[in-house]
Amino acid sequence: EMPRPRPGAAPAAPGGIRGATLEMSSDERRLLEAPLLEAVTSALALRRRGIDDARGRRLARAARRSDPTAQLLVLHALARGGRGTGRLVVDDLVAAAERRAHAAWVLGEGPLYPRAIKPLTALAARGGFPSMVAELTLERWRRTPAPALPRARTTSTRGLRIAQVSLQGRLDAELRGAGAGDGGGLATLLVSLTRALDAHPAVSEVVTFTRAFEDPSFPGLYSLPQEPIGRRSRIARLRYGSDTYLPTARQWEYRREIELALAAAVARHGPFDVAHLRFADVGTFVAARVFRRLGVPVVFTLAPDPHSVLRDAEATGRLDRSTFPVADLEQHYVFRAWLVDRMMREAAALAVLPRPGLERELRDLLGPAFGAVHPDRLWAIPEGIAVDAAARRPIGAGGPAIRSLASAIATLPACRRGLPLLVTVARLNRVKGIPALVEAWAGDPHLLESFNLAIVGGDLEHPTPEERHVIDEIEAVCARLPQARSGLVTLGHRPHDEVPQLLRAAAHGIPGAVAAGGVYACPSRKEEFGLSLLEALAAGLPVVAPDRGGPPTFVEDGTTGFLVDTTDLASLRAGLRRAASVRLDAERAARARSLVEERFTIDAMAGRLVDLYEDVTRRRALRAA
């Protein structure tokens with residue numbers, strides 16, 4: 001039965017593809033015609049199953065008559081084919097720049113092709129993400145053994161020994177660099193969670209592995225080989241690549257270096273009973289390989305990323321089947337989706353962040369592979385924050401953050417001083433939607449006259465390429481709406497203990513600078529949970545949040561905040577106006593604080609994770625027995 005055309009699907013391609021699809025499987029048809037997310041998940045399904053040479057050649061012919069996305073994704077359908085389809089992949093390795101990395105990666109699933117050795121070797125020496133996948137394929141073909149794992153030290157401690165791996169951003173015990181570069185809510189979560197786990201009687205130690213580098217803003221801090229977090233827990237830093245900060249996307253080419261460094265560090269700090277990995281990045285890819293060889297069970301936080309990004313990018317017109325291959329060169333969408341798929345199948349257990357219709361939503365985003373996950377492996381665990389009773393009180397004299405905010409307000413025109421704040425806390429990343437927030441605020445006369453806008457986050461002095469992109473987008477909005485400059489305050493990243501102070505200042509005011517009764521906005525295009533939203537609610541601020549992902553599980557729409565389509569400017573602006581109308585409601589503020597204190601503390605999250613880790617280790621012991 002032929003599928004009905006889907007909204008957004010590519011039109012029938014020249015050469016009679018619709019006629020050809022009569023004999024094709026549903027996954028083959030979706031690869032050729034479906035919206036991006038469906039096409040990617042279908043290609044990965046075909047990659048897992050494999051197709052024979054005859055079907056592969058026919059599908060490759062259809063893809064050549066289709067569009068650039070079909071020509072890219074068909075390589076994955078051919079991954080487990082024989083020599084006939086393998087030759088087609090080698091051709092793309094040699095000829096097609098946008099598909100070269102995919103061809104190099106796919107070849108590793110099949111037999112050695114002598115004609116591919118020379119181009120793969122050249123690609124491996126070139127650097128960047130393609131060099132990593134070319135190197136992996138050459139290792140498989142040469143049967144290069146995995147880096148040897150040094151013998152782990154023995155220990156007589158009792159209780160869970162937990163490893164975490166996070167190579168993104170800046171991670172230190174006091175969170176002085178949180179919010180700069182690729183670091184954000186995850187860094188905050190890892191440090192506060194480690195302290196909570198450290199205090200749990202069932203835990204003996206927690207070691208979080210991250211990257212060592214030199215940072216001119218914090219001399220000597222991020223180059224320390226290790227740093228204590230709690231009595232029995234610490235940060236351990238790995239050296240690889242250059243001595244300077246490396247954005248996450250640029251770390252792929254150091255995969256082998258990272259693997260060697262992590263294996264040595266795990267042996268030095270271990271052994272471990274369980275490892276917890278998060279994000280579809282190079283850290284998870286490498287750590288999964290290391291812990292698999294050690295026999296350490298892995299818990300993976302399963303989030304539909306990049307799946308939700310792909311869906312929303314296509315829905316808003318930022319991506320389509322003609323532009324996807326170029327975007328994939330930078331964002332590695334297919335590889336990251338494959339990594340999520342692999343972790344979904346191989347991890348001992350999956351921690352998922354609550355969201356409305358959780359299993360239905362994950363099945364829609366992650367595809368049929370999610371349907372194969374046994375319910376016993378899924379644990380819904382909400383994130384939490386360290387709740388400070390001081391959040392209920394005015395800020396008083398304040399510290400450096402409050403002085404910086406007051407000083408920034410003092411530079412605004414006199415008529416802007418003393419207005420309440422519209423505030424957001426986020427790293428400067430495109431997915432966080434900060435330029436849209438600036439436009440929603442500055443383009444609405446009522447919001448502009450009623451609030452100054454404070455943006456907390458980002459390295460403004462030494463921005464990464466991603467941060468520079470967002471800064472340029474904000475500048476473009478200000479060029480179109482020059483009135484924005486009169487009330488826009490950019491504070492950059494702040495040590496995490498200063499963020500609650502800024503939120504309290506927005507809630508309670510600063511005499512002579514900020515009026516009480518601010519509003520918090522989270523304009524993210526996607527938000528898996530939203531720790532900054534919890535912190536804003538704990539401060540008593542009304543919040544505006546995405547109506548998808550994690551926020552609907554704790555933001556009471558119309559009561560403690562307002563859920564909006566953050567990809568739609570009119571919807572975001574309407575949410576801001578509604579939040580402004582309840583900003584001084586004391587009953588609403590008290591309800592928001594109570595919600596966080598009763599349901600979303602970091603101690604509650606740690607307790608739930610300990611239950612999960614103990615379940616995983618029990619199952620492992622039973623299997624061993």
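Analysis parameters
Each chain has its residues counted from 1, following the order in which its sequence is written. Given that the model is predicted, a residue must reach a pLDDT of at least 70 before its local features are reported, and side-chain atom pairs must reach 80 or more before they are shown or counted; all residues, however, enter totals for whole chains, interfaces and linings. With hydrogens and water set aside, each side-chain value is computed from the structure's full complement of heavy atoms. A run of DSSP states H or I qualifies as a helix once it reaches four residues; a run of E qualifies as a strand once it reaches two. Both are numbered from the N-terminal end. Pairs of N or O atoms within 3.5 Å make up the polar contacts considered here, provided that, within protein, one atom can donate a hydrogen while the other can accept it, and that residues adjacent in sequence are counted only when both atoms are side-chain atoms. Residue contacts are counted whenever heavy atoms from the two residues lie within 4.5 Å of one another. Buried residues are those whose accessible area, probed at 1.4 Å on protein chains only, stays under 20% of the maximum for their type, while exposed residues exceed 50% and partly exposed ones sit between those limits. Whether two aromatic rings pair depends on their centres lying within 6.5 Å, for rings of Phe, Tyr and Trp, where Trp uses its six-membered ring; planes under 30 degrees apart make the pair stacked, over 60 edge-to-face, and the rest tilted. Any Lys NZ or Arg CZ that is within 6 Å of a ring centre and within 35 degrees of that ring's normal is treated as a charge sitting over the ring. A pair is scored as a salt bridge if a Lys or Arg side-chain nitrogen falls within 4 Å of a carboxyl oxygen belonging to Asp or Glu. Any two strands are treated as partners once DSSP identifies two or more bridges connecting them. Convention adopted: a line fitted to C-alpha atoms gives each axis, helices being fitted over their contacting stretch, and angles between N-to-C directions are expressed from 0 to 180 degrees. If the strands point away from the viewer and the path from the first strand over the helix to the second runs clockwise, then the crossover is right-handed.

1. Overview of the side chain of D172
1) Next: For D172, the position within the fold is in the loop between β1 (160-165) and α10 (185-198).
2) Next: A distance of 3.1 Å separates a polar side-chain atom of D172 from the backbone nitrogen of E174.
3) Next: One polar contact links the side chain of D172 to the main-chain amide nitrogen of L175, over a distance of 2.9 Å.
4) Next: For D172, the residues in contact, after removing those within four places along its chain, are G177, V191, L221, Y222, E227, I235 and R237.

2. Notes on helix α2 (residues 26-33)
Given 3.6 residues per helical turn, the α-helix brings residues three or four places apart onto the same face.
1) Next: For α2, a buried count of six out of eight residues is recorded, marking the element as mostly surrounded by other parts of the structure.
2) Next: Looking at α2, one finds that the buried residues are D27, E28, R29, L31, L32 and E33.

3. Here's the deal with the packing of aromatic side chains
1) Next: Enumeration over the complete set of coordinates arrives at 18 aromatic pairs.
2) Next: Judged by centre distance (5.5 Å) and plane angle (90°), the ring pair of F129 and W252 falls under edge-to-face. Here W252 lies in the loop between β4 (233-238) and α11 (255-269) and F129 lies in helix α9 (residues 129-141), a separation of 123 residues in the sequence.
3) Next: Residue F129 is classed as buried on the basis of its relative accessible area of 11%.
4) Next: Each ring, one from F285 and one from F335, has its centre 5.5 Å from the other, and the planes form 70°; the classification is edge-to-face. A residue pair is termed long-range when its members are at least 10 positions apart, and F285 in helix α12 (residues 282-294) and F335 in helix α15 (residues 333-346) qualify at 50 residues. Of the two residues, F285 and F335, neither departs from the other in class, the shared state being buried.
5) Next: The aromatic ring of W105 is capped on one face by R47, whose charged end is 4.3 Å from the ring centroid.
6) Next: Sitting over the ring of Y245, R170 keeps its end group 4.3 Å from the ring centre.

4. A look at the pattern of salt bridges
1) Next: Per the stated rule, a full pass over the model turns up 48 salt bridges.
2) Next: A salt bridge links R577 to D444, with the shortest nitrogen-to-oxygen separation between them at 2.8 Å. With R577 in helix α24 (residues 569-581) and D444 in the loop between α19 (434-442) and α20 (445-450), this pair connects stretches of sequence that are 133 residues apart.
3) Next: Judged by relative accessible area, R577 falls into the partly exposed class, the value being 39%.
4) Next: The class of D444 is buried, set by a relative accessible area of 6%.
5) Next: Bridged by salt links that share partners, the residues D305, R311, D312, R336, R355, E361, K526, E528 and R548 form one connected network.

5. Some details on the sheet that holds strand β9 (residues 421-425)
1) Next: The strand order across the open sheet formed by six strands is β11-β10-β9-β12-β13-β14, and the pairing between neighbours is parallel. Edge positions in the sheet fall to β11 (488-492) and β14 (561-564), since each of these pairs with one other strand and no more. In this sheet, neighbouring strand axes are inclined to one another by 20° on average, regardless of whether the strands run parallel or antiparallel.
2) Next: Two strands pair when backbone bridges link them, and β9 and strand β12 (residues 519-521) are joined in this way by two bridges, in the parallel orientation. Counted as the bridge partner of V423 is Y520 from β12.
3) Next: The sheet contacts of helix α23 (residues 531-538) involve β9, β12 and β13 (543-546), and relative to β13 the element is tilted by about 160°.

6. A look at the pairing of strand β10 (residues 452-456)
1) Next: When you tally the buried positions in β10, you get five out of five residues, the bulk of the element.
2) Next: Bridge analysis of β9 against β10 gives five bridges, and the strand direction is parallel. In the sheet register, L422 faces β10, and the bridge partner there is L453.
3) Next: Strand direction decides the pairing type here: β10 and β11, joined by four bridges, are parallel. Bridge assignment links V456 to a residue of β11, and that residue is G492.
4) Next: The handedness of the β10 to β11 crossover, carried by helix α21 (residues 465-480), is right-handed.

7. Section: the pairing of strand β5 (residues 274-278)
1) Next: Burial within β5 is extensive, with five of its five residues counted as buried.
2) Next: The side-chain alternation of β5 yields two buried faces, one formed by V274, H276 and R278 and the other by A275 and L277.
3) Next: Relative to β5, β1 runs parallel, the two sharing four bridges. Bridging from a neighbouring strand, V165 pairs with L277 of β5.
4) Next: When β5 meets strand β6 (residues 298-302), the two strands line up parallel, connected through four bridges. Note on β6: the bridge partner recorded for R278 is T301.
5) Next: Remark: the β5/α12/β6 crossover connection has right-handed handedness.

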